[in-house]
Amino acid sequence: MPDHRLAPVHAVDRPALFELLDVGVRGPLTVIIAPAGSGKTVLLSQWTASRPDLAVAWFHATRADRDVTHFARRLATDLAAAHPAIAEVQPAAEATGGLGESYLEALVGALAEAGVEIVIVIDDVHVLLPELVDDLSNLADRLPPNAHLVLASRSDTGMRLTHHRLQHALVEIRQHQLTFADDETEDLLGRLTGSAVDLRTAATVRQHTDGWAAGVQLAGLTLRSRPGEDLVASLAESDRLIVDYLGEEVLDAQSPERREALLRLSVADELHPDLVPILTEADLGVDLLGRLERESMFLSALPEKPGWFSFHALFRKLMRMRLRAEHPGLERTLLVRVADWSRSRGDTATAVEALLRAQAWDDAMELIVTSGREVFERGYVATVARWLGTVPDDIRRTSVDAEIIYAITYGMTGRAREAAEFLRSVAARPDVDPGRRAVAMAWLGVTVQFNPPAETAYEEAASAVALLLADPDLTLPDLLQLNRRDLLLAVSLVAAGRAQLFLGNLDESQKWIERMLNSAGGQYTPYRIHALGSLAVADAFSGRLVRAATRADEALRLAEESALLDHPATGDAHIALALVAVRRGRPGSGALSLREGVLRASWNARLQLLWLAVLAERLGLPPDAEPEVADPVTEAPPIVQVELDALRLRHARLAGQPEPAHDSPTAWSPVAFEEIVGRLTRGDVSGAGRRLDELPPAGPSASIVERVERDVARGWFLAAAGDRPGSELHLARALAVAEPEGLIDVFVRAGRPVAGLIEALPGPPDAFRREVVRLAGLVVSTRPDALPDPLTRRELAILAYLPTRLSNAEIAARGYVSLNTVKTHIARIYRKLDVQSRAAAVDRAAELGLLEPLDLVDER
């Protein structure tokens, strides 16, 4: 069933435009682009009513939808109302301004599953942020054949239309197509006046309005109020803009009491009957708004809010201009009344918007600080940041609490660097009490996930912990309930732990994070998911892969039980699983986890966490493969940079090139390992021996990875130096340390020479040793593309499950991804392999050599 968006009673049918829309719906995208008052919404209302065969989801964008979370939830709700198959799709949008891959992927999968023709109408696209408009273009590119997108806007800024013009014969309806012809003008004027209008009058109105729908309607209302007068002569004599002239004519035709009421009512973006007497201070009847709608006074009912109405933006703007000219200062008074009424009904958002428009800055800040929690907890972080960003800087700085909330919410929308500057400014103010200073320091520590340097973030987080523990009676401000003592301490502890992780101090990192998990605030589910994921990442770096996988699984199970799988808190755990897959020599099995980790880290621009995802991908790629995860715009944290430096040395070694210039470490590291095996590869055995002897011996807290690296490097060196028994001793010990964790990555990095030495070890080989030899002996290069459109690494990861008896739901559960994500990937696999079933996909993949052996599928 279509959305019941009713056209005005006076609307004129436009069959030629209906036909254009019927043609457009055969492709993924149709656009209607024309100025305000051109009749875009009326046309779409009429057309959707003429197509009962389509399920229609109608979305009217407003300024509130500049908050991407608000937009995403409304869109999902409207789509669910159009068809129940989409009701379960509630993914989280990105906090940085766009919907994000996760949302689009889930939405496209749900639309494909719906099985009916669905049209998504998004009206007033011009009010949306550029990031959202870009995502709508991406959505149009991915829509399944049964889904269509119609965008109506006053401008085409940000819309990528060229591709659709070339590939899909895009239907574009522009201003010149929406203009009224003489006969259409005659018809509309007759409907508005209730009597026949002669063709001369209609032609003159059409000429003076250029067929502009709003101008024709205004002329009709003027004719209705001035029957018998010569409107044609009046139009010819006027040199004012048509909307100004006719708008004044319409207003002047009203009784003084009604005209005054219209001007006063215009201050509200949306109107409820109970608000009418508060604004007008007059008894105009309970059905005033309904009467205005029936009289075509540019007022429409809001289908998504029964009982509510809204003036057409153009007419509302005109009336507000008149109100300001005739009653200076009254608009502010009326907006405060709107705010008071809205607040009494528990509608904080509308109250704040009204106060901001009234420039009642102090009242707005007080309301945000004391009552903004309800908006924040619904996920509208960007809205709170926008509100406080609207307040002039010098006024906002007079409220420390408002400045702290602004910094926190601003940082949560992906602007961590600027947020950190605000927080440091607050912490340095002499008039800030210790409690607020502790809050500022704690949230400064949180920025470790977003921007370097980790050293500074560690100092700030540790300072916050010290402040919180030094004074048990320290008074903390209640700011959106973000600053409960137990939660603030938990945030600070885990921030210090993450800073140590990024610095490469794995033992210190674990101590801080375990303190957090054992604290009262560590029981708060999102924070606990974050912390367990960070511990899993530290374990993966150190080589404790069993514990890393266990902790990551614990985090993701907790997220699943708490309906938080789409929450950005799961990013650490997903990236940890991707690192585990790389360490075990099976990067492909971690492709889904890697993708989910990238999505979660990108959600709010946690760029330092995103560097971990970059590393997880690069470590598993052949040297000649193109990475899919782009480098973030910040410097890499030290723990990542040293691995990337080592990778650069490895690529040069595999290509037979000289060792690149680099800083030689004084302690053991992945770079030191590459220096040694690089010299052995180039035949510089004595140089490798000297480098081994220069490095200090392993300490008692050496990681598993370091211990295996040292034994592999020493074993290879001894073999090259002719000490076969010594070589076998070190290589056997490396295997013994690596086997319980399934750690194969070190042997793979060493390559074929070490694979040959291990294969020649005395005694029958066990399964682990055989796997090390197989993977370390592989030629490291990309597989030639056997398909015109090759499978992505994520699709290959799903493909590996298809020979099993696991259902789609079971595959999704194993990867902690949504069922729609799995269905979407399988649909793409079928399309690329040109098959129609799971069995056919397995057979085709086997023919092409795309299936990994089943024992390589991750069975955590």
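The preceding data block contains the structure.
Residues numbered from 1 in each chain as written. Predicted model: local features only at pLDDT ≥ 70, side-chain atom pairs only at ≥ 80, totals over all residues. Heavy atoms only, no water.

**Quick look at the overall build of the chain**
In step 1: Looking only at helices and strands, the chain features 45 helices and seven strands.
In step 2: Referenced to the eigenvectors of the C-alpha coordinate spread, the extents of the chain come out at roughly 115 × 70 × 45 Å.
In step 3: Within the chain, buried positions represent 57% of all 860 residues.
In step 4: Sequence-distant contacts, at least 24 apart, represent 68% of the contacts inside the chain between residues at least 6 apart.
In step 5: When the accessible surface of the chain is summed, it comes to about 35200 Å², and 52% of that surface belongs to carbon and sulfur atoms.
In step 6: Each charge class in the chain was averaged separately, 93 positive and 121 negative side chains, and the resulting centres sit 3 Å apart. (Helix = DSSP H or I, 4+ residues; strand = E, 2+ residues; numbered from the N terminus. Buried < 20%, exposed > 50% of the residue type's maximum accessible area, 1.4 Å probe, protein only. Contact = heavy atoms within 4.5 Å. Areas by Shrake-Rupley, 256 points an atom, 1.4 Å probe, with all protein chains shown as cover. Lys, Arg positive; Asp, Glu negative; His and termini not counted. Charge placed at Lys NZ, Arg CZ, Asp CG, Glu CD.)

**Thoughts on the nonpolar core**
If you look at soluble globular proteins, the nonpolar side chains tend to sit buried side by side.
In step 1: Residues Val708 and Phe747 are the most contacted members of the largest nonpolar core, which totals 205 residues.
In step 2: Ranked by the residues each element gives to this core, the list is headed by helix H27 (residues 485–503), at 12 residues.
In step 3: Sequence-distant contacts of Phe747, that is, excluding residues within four places in its chain, are made with Val708, Val712, Ala734, Leu735, Ala738, Val754, Ile758, Val772 and Ala776. (Core = buried A, V, L, I, M, F, W, Y, C linked by side-chain atoms within 4.5 Å.)

**Section: the sheet that holds strand S3 (residues 118–123)**
In step 1: Read from one edge to the other, the open sheet built from five strands follows the order S2-S3-S4-S1-S5, with strand pairing classed as parallel. Strands at the two margins of the open sheet, each flanked by one partner only, are strand S2 (55–60) and strand S5 (171–174). The sheet shows a mean angle of 15° between the axes of neighbouring strands, direction not considered.
In step 2: In terms of strand pairing, S3 meets strand S4 (residues 147–153) through five bridges, oriented parallel. Paired with Val121 across the two strands is Val150, which belongs to S4.
In step 3: Those strands touched by helix H2 (residues 40–49) are strand S1 (29–33), S2, S3, S4 and S5, and its axis lies near 165° from that of S2.
In step 4: Contacts from helix H3 (residues 68–82) reach S2 and S3, with the element oriented near 155° to S2. (Pairing = 2+ DSSP bridges. Axes fitted to C-alpha atoms, helices over the stretch in contact; angles between N-to-C directions.)

**Some thoughts on the packing of helix H8 (residues 182–193) against helix H9 (residues 199–209)**
In step 1: Running from N to C, H8 and H9 point in directions that differ by 110°, and their axes come no closer than 8 Å. Relative to H9, H8 is oriented roughly perpendicular. Side by side, H8 and H9 meet where Asp182, Thr185, Glu186 and Leu189 of the first sit next to Leu199, Ala202, Ala203, Val205 and Arg206 of the second.
In step 2: When its residues are assigned to classes, the contact of H8 with H9 shows five nonpolar, one polar and three charged. (Parallel < 35°, antiparallel > 145°, perpendicular 65-115°, else oblique. Nonpolar A, V, L, I, M, F, W, Y, C, P; charged D, E, K, R; others polar.)

**Considering helix H37 (residues 704–720)**
In an α-helix, one full turn covers 3.6 residues, which means residues spaced three or four apart are oriented alike.
In step 1: In this model H37 runs 24 Å from its N-terminal to its C-terminal C-alpha over 17 residues, within 8% of the 24 Å that 1.5 Å per residue would give.
In step 2: Summarising burial for H37: 13 of the 17 residues are buried, a large majority.
In step 3: Backbone geometry just after H37 places Gly722 at a positive phi near 95°. (Expected span 1.5 Å × (residues − 1).)

**Digging into the pairing of S1**
Along a regular strand, successive side chains alternate from one face of the sheet to the other.
In step 1: Of all five residues in S1, five are buried, a share of seventy percent or more.
In step 2: What you see with S1 is no split at all: Leu29, Val31 and Ile33 on one side and Thr30 and Ile32 on the other are buried throughout.
In step 3: With five bridges connecting them, S1 and S4 associate as parallel partners. Bridge pairing links Ile32 to Ala152 in S4.
In step 4: As defined by bridge partners, S1 adjoins S5 across four bridges and the pair is classed as parallel. Residue Ile33 lies in a different strand from S5, and its bridge partner there is Arg174.

**Concerning the side chain of Glu596**
In step 1: Turning to its location among the elements, Glu596 is positioned in helix H32 (residues 591–603).
In step 2: On the basis of relative accessible area, Glu596 is assigned to the buried category, the value being 4%.
In step 3: Not counting residues up to four positions away in its chain, the partners in contact with Glu596 are His574, Val817 and Thr821.

**Focus: unusual backbone geometry**
In step 1: The omega torsion across Pro452 and Pro453 is 0°, close enough to zero to call that bond cis.
In step 2: Examined against the element boundaries, Pro453 turns out to sit in the loop between helix H25 (434–446) and helix H26 (454–470).
In step 3: Despite not being glycine, Asp124 has its phi angle at roughly 60°, a positive value.
In step 4: Turning to its location among the elements, Asp124 is positioned in the loop between S3 and helix H5 (130–142).
In step 5: A relative accessible area of 16% means that Asp124 is categorised as buried.
In step 6: Of note in this structure, Gln359 is not a glycine but carries a positive phi near 60°.
In step 7: Examined against the element boundaries, Gln359 turns out to sit in the loop between helix H18 (348–357) and helix H19 (361–371).

**Quick look at the packing of helix H36 (residues 685–694) against H37**
For any two helices packed against each other, one specifies the crossing angle of their axes together with the interaxial distance.
In step 1: Where H36 contacts H37, the two axes come as close as 10 Å, and the packing angle between them is 145°. As H36 runs across H37, the sense of the crossing is left-handed. Mapping the contact onto sequence places Val685, Ala688, Gly689, Leu692 and Asp693 in H36 and Ala713, Arg714, Phe717 and Ala720 in H37.
In step 2: When its residues are assigned to classes, the contact of H36 with H37 shows six nonpolar, one polar and two charged. (Left-handed = near helix turned anticlockwise from the far one by under 90°.)

**Digging into the packing of aromatic side chains**
Any pair of aromatic rings gets described here by the distance separating the centres and the angle formed by the planes.
In step 1: Applying the stated criterion across every chain, the model contains eight aromatic pairs.
In step 2: When the centroid spacing of 5.2 Å and the interplanar angle of 35° are considered together, the rings of Tyr406 and Phe422 count as tilted. You can see Tyr406 sitting in helix H23 (residues 400–412) and its partner Phe422 sitting in helix H24 (residues 416–427), a full 16 residues away along the chain.
In step 3: For Arg14, the ring lying beneath its charged end belongs to Phe180, and the centroid distance is 4.3 Å.
In step 4: The ring of Trp308 has Lys305 lying over it, and the distance from NZ or CZ to the ring centre is 4.1 Å. (Phe/Tyr/Trp six-rings, centres within 6.5 Å; stacked < 30°, edge-to-face > 60°. Lys NZ or Arg CZ within 6 Å of the ring centre and 35° of its normal.)

**Section: the pattern of salt bridges**
In step 1: Per the counting criterion, the structure on display carries 54 salt bridges.
In step 2: A salt bridge links Glu295 to Arg258; the nearest nitrogen and oxygen atoms lie 2.6 Å apart. Of this pair, Glu295 sits in the loop between helix H15 (288–294) and strand S6 (299–301) while Arg258 sits in helix H13 (residues 256–265), and the two are 37 residues apart along the sequence.
In step 3: Owing to a relative accessible area of 26%, Glu295 belongs among the partly exposed residues under this scheme.
In step 4: Looking at Arg258, the relative accessible area reads 16%, which means it is buried. (Salt bridge = Lys/Arg side-chain N within 4 Å of Asp/Glu carboxyl O.)

**Describing a negative patch on the surface**
In step 1: A cluster of acidic residues, Asp340, Asp362, Asp363 and Glu366, forms a negative patch at the surface.
In step 2: The element contributing the most residues to the negative patch is H19, with three residues.
In step 3: Relative to the helices and strands, Asp362 is located in helix H19. (Patch = residues over 30% accessible without salt bridge, like charges linked within 9 Å, V, L, I, M, F, W, Y side chains within 5 Å.)

**Comments concerning the environment of Arg650**
In step 1: The topology assignment puts Arg650 in helix H34 (residues 638–654).
In step 2: Considering only alpha carbons, one finds Arg650 and Arg600, 50 residues apart in sequence, at a separation of 30 Å.

**Points about the side chain of Thr280**
In step 1: Turning to its location among the elements, Thr280 is positioned in helix H14 (residues 276–280).
In step 2: A relative accessible area of 7% means that Thr280 is categorised as buried.
In step 3: Of the polar contacts made by the side chain of Thr280, one reaches the backbone oxygen of Val276; its length is 2.8 Å.
In step 4: Setting aside anything within four residues of it in sequence, one finds Thr280 in contact with Ala261, Arg264 and Leu265. (Polar contact = N/O pair within 3.5 Å; in protein donor to acceptor, adjacent residues only side chain to side chain.)

**Let's talk about the environment of Val754**
In step 1: In this fold, Val754 is placed in helix H40 (residues 752–759).
In step 2: Under the relative-accessibility criterion, Val754 is labelled buried at 0%.
In step 3: For the pair Val754 and Val677, spaced 77 residues apart in sequence, the C-alpha to C-alpha distance is 9.8 Å.
In step 4: Those residues in contact with Val754 that lie beyond four places of it in its chain are Val712, Trp716 and Phe747.

Fair warning: the whole summary comes from geometry, so function is off the table for now.
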